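The chain contents come next:
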Amino acid sequence: MKLKKLVSLMLAGIMAVSMAGCGSAGSGTSTENTDNSGDSDEQEAPAQDSSEDAEAPAQAADSDEEINLTFWHIWPDAEMGAIVETYVEMFEKEHPNVTVESVATQEVEYQNNKLKVAAATGAQGDVFMCWGGGYAKAYVDAGVVLPLDDLMEKNGTKEELLDGTLTYGTYDGKVYGLPLKQWAGALFCNEELFEEHNVKIPETFDELLEAVKTFRAAGVTPMVLGAKEGWHIGMIQNALAVRTEGAEYMNKALQGEATLDTEGIVKSAELLCQLNEAGAFPDGTLGLGSEESQEEFYMGLIPMYFGGSWVSSGCDSEENEIQGLVKAVPMPAVDGGKGGINSFSGGAIDMMMINANTANPEIAYEFAVGITKYMSQEAYKIGDSLPAWKVDVDESEVSPTLRQVEELIKNADGYVLAWDTFLEGAAIEAHYELLQGLIAGTTTPEEFAAGMQAAQEEVKGGSAE
């Protein structure tokens, strides 16, 4: 979930240009890993997905015509990359006339540069990883993403999805994105360290603050934070805003239907500052990246990590020191807050989308559905994320920590996406800068809320009522 700058300037006027198809010749896997951490015409029904638990799909094309698809994604290595390549091999075996070129790019480079540049000319992959909410809106508005409603209806795809998972891939009533997974925020606590220091796992913000002070007094860094990356600060502040303002209001405000300059949002920033001033975060956190900062938690040296459900994978990894030691709990309740304990940061935002200019929309759709469902299932097993599809998985295969998060959200009454996936354009960068200002002590909570509203108005072109 880690989104950056808008592509609106690059996409302006794009619909005035006639675009060529983007099917790419070639086969195999291409990896790019840098150091920088229109409505469719009537179409025939594609075959169903080809995940391990599904029946083998019928051929999408009855002829022997050679078809080339490009698939752009953000998993150049590790577990998720292996899952991608396993499915690509399965799909090509089931479709001998289809070659899928899998092109992997490191996530930050992909979000910030590659996808923006390619989408400006409609040259992104036939099937490409994207993010819903505010991030994909510019691409949808520019007409470079294929609407999927007709294909979904013909194939009964919606019946295979969990409720609510299409929300952030839907624009003006039309579906453009197939959800890959869901996430929910939780406070991951190392029970061994809590017991060692005789600290109660917090249920209220006051208890959280007291825990921070106790750990800090004992020479233990209380919480993970890599403030060099603004989104990592946002994970905490955004979740606090769900507590102070409530999920319903936050969803309206982030869509530009209500103001972000409220007492509740000021309060969320104040609470973040209180944690910071009490010594919650690592020394020099503004110089630490997210991955760097979390290592000591996985080594069993830091007791608390507020993050998305993907943290579960690291908690249960054999490479780390905290297997069986972690308890996942909700963001603690805030006294006087409008949001209850059953409201969460999270939702389904990671999407697979199809290039509106693909030469092979039917087979591209079949591939997109198949790999999305397969990855949703396999990512669930390894603790990376909660499924967005109705998958058939033996619960004993699922990460124990992720099952804890799943249990937490059984009675969920509201979700709010991370702000940077709701916001658009310059408002995203403004959000990061204001968050970093709170940690640096150069921005007050009042300035944070006012600055967020000003940035939202600049992007939306008017004030919220």
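Preceding this section is the structure that the text describes.
This report concerns the structure included in the present document. (Residues numbered from 1 in each chain as written. Predicted model: local features only at pLDDT ≥ 70, side-chain atom pairs only at ≥ 80, totals over all residues. Heavy atoms only, no water.)

Observations concerning the overall build of the protein
Assigned secondary structure in the protein consists of 17 helices and 14 strands. Surface accessibility of the protein: about 18,400 Å² in total, with carbon and sulfur atoms responsible for 44%. (Helix = DSSP H or I, 4+ residues; strand = E, 2+ residues; numbered from the N terminus. Areas by Shrake-Rupley, 256 points an atom, 1.4 Å probe, with all protein chains shown as cover.)

Quick notes on the pattern of salt bridges
Summed over the entire model, instances satisfying the criterion amount to 11 salt bridges. Glu 397 is paired through a salt bridge with Lys 381; the nearest N and O atoms lie 3.7 Å apart. Of the two residues, Glu 397 sits in the loop between β13 (386–387) and α14 (400–408) while Lys 381 sits in helix α13 (residues 361–382), which places them 16 residues apart along the sequence. What makes Glu 397 partly exposed here is its relative accessible area of 43%. Taken together, the shared-partner salt bridges in this structure form one network comprising Lys 200, Glu 203 and Glu 207. (Salt bridge = Lys/Arg side-chain N within 4 Å of Asp/Glu carboxyl O. Buried < 20%, exposed > 50% of the residue type's maximum accessible area, 1.4 Å probe, protein only.)

So, the layout of surface pockets
Reported here for the second largest pocket is a volume of approximately 370 Å³. Forming the walls of the second largest pocket are 16 residues, and the residues nearest its centre are Gly 133, Thr 170, Tyr 171, Gln 255 and Phe 422. Listed by contribution, the elements that provide at least two residues to the lining of the second largest pocket are α4 (134–141), β5 (170–171) and α9 (247–254). For the lining of the second largest pocket, the element with the highest residue contribution is α4, accounting for three residues. Along the lines of polarity and charge, the residues of the lining of the second largest pocket split into four nonpolar, six polar and six charged. (1 Å grid on protein atoms, 1.4 Å probe; cavity = no way out; pocket = protein on both sides within 12 Å on 5 of 7 lines; lining within 4 Å. Points joined across faces, edges and corners; volume = space filled by probe spheres on them. Nonpolar A, V, L, I, M, F, W, Y, C, P; charged D, E, K, R; others polar.)

Here's the deal with helix α16 (residues 426–440)
The end-to-end C-alpha separation of α16 is 21 Å, in line with the 21 Å expected for 15 residues at 1.5 Å each. For α16, the set of buried residues is Ala 427, Ile 428, Ala 430, His 431, Tyr 432, Leu 434, Leu 435, Gly 437, Leu 438 and Ile 439. Here the buried face of α16 lies against α8 (230–245), α10 (263–277), α15 (419–422) and α17 (445–460). Once α16 finishes, Gly 441 follows within two positions and takes phi at roughly 85°, a positive value. (Expected span 1.5 Å × (residues − 1). Contact = heavy atoms within 4.5 Å.)

What about the nonpolar core?
Generally speaking, nonpolar side chains in soluble globular proteins are found buried as a group. Grouped together as the largest cluster of nonpolar side chains are 123 residues, with contacts concentrated most on Met 223, Ile 236, Met 304, Phe 367 and Trp 419. Counting residues per element, this core draws most heavily on α13, at 10 residues. Counting residues in hydrophobic clusters, the runner-up holds 21 residues, among them Ala 184, Val 311, Cys 315 and Ile 322. (Core = buried A, V, L, I, M, F, W, Y, C linked by side-chain atoms within 4.5 Å.)

Looking at helix α11 (residues 290–298)
Residues of α11 that are buried include every one of Ser 290, Ser 293, Gln 294, Phe 297 and Tyr 298, and no others. Buried residues along α11 cover an arc of 145° about the axis, so they all sit on one side. Where α11 ends, the next residue or the one after it, Gly 300, has phi of about 85°, a positive value. (Arc of directions from axis to C-beta.)

Looking at the packing of aromatic side chains
Going through the model one piece at a time under the given rule, you end up with 16 aromatic pairs. Ring geometry for Tyr 87 against Tyr 374: centres 5.6 Å apart, planes inclined by 35°, an arrangement best described as tilted. With a gap of 287 residues between them, Tyr 87 in helix α2 (residues 78–94) and Tyr 374 in helix α13 connect regions that are remote in the sequence. By relative accessible area, Tyr 87 is classed as buried at 0%. With a relative accessible area of 3%, Tyr 374 lands in the buried category. With a centroid separation of 6.0 Å and 65° between ring planes, the pair formed by Tyr 110 and Trp 131 is classed as edge-to-face. Here Tyr 110, found in helix α3 (residues 107–119), pairs with Trp 131, found in strand β4 (residues 127–131); they are 21 residues apart in sequence, far enough to count as distant. For the pair Tyr 110 and Trp 131, one class covers both residues: buried. (Phe/Tyr/Trp six-rings, centres within 6.5 Å; stacked < 30°, edge-to-face > 60°.)

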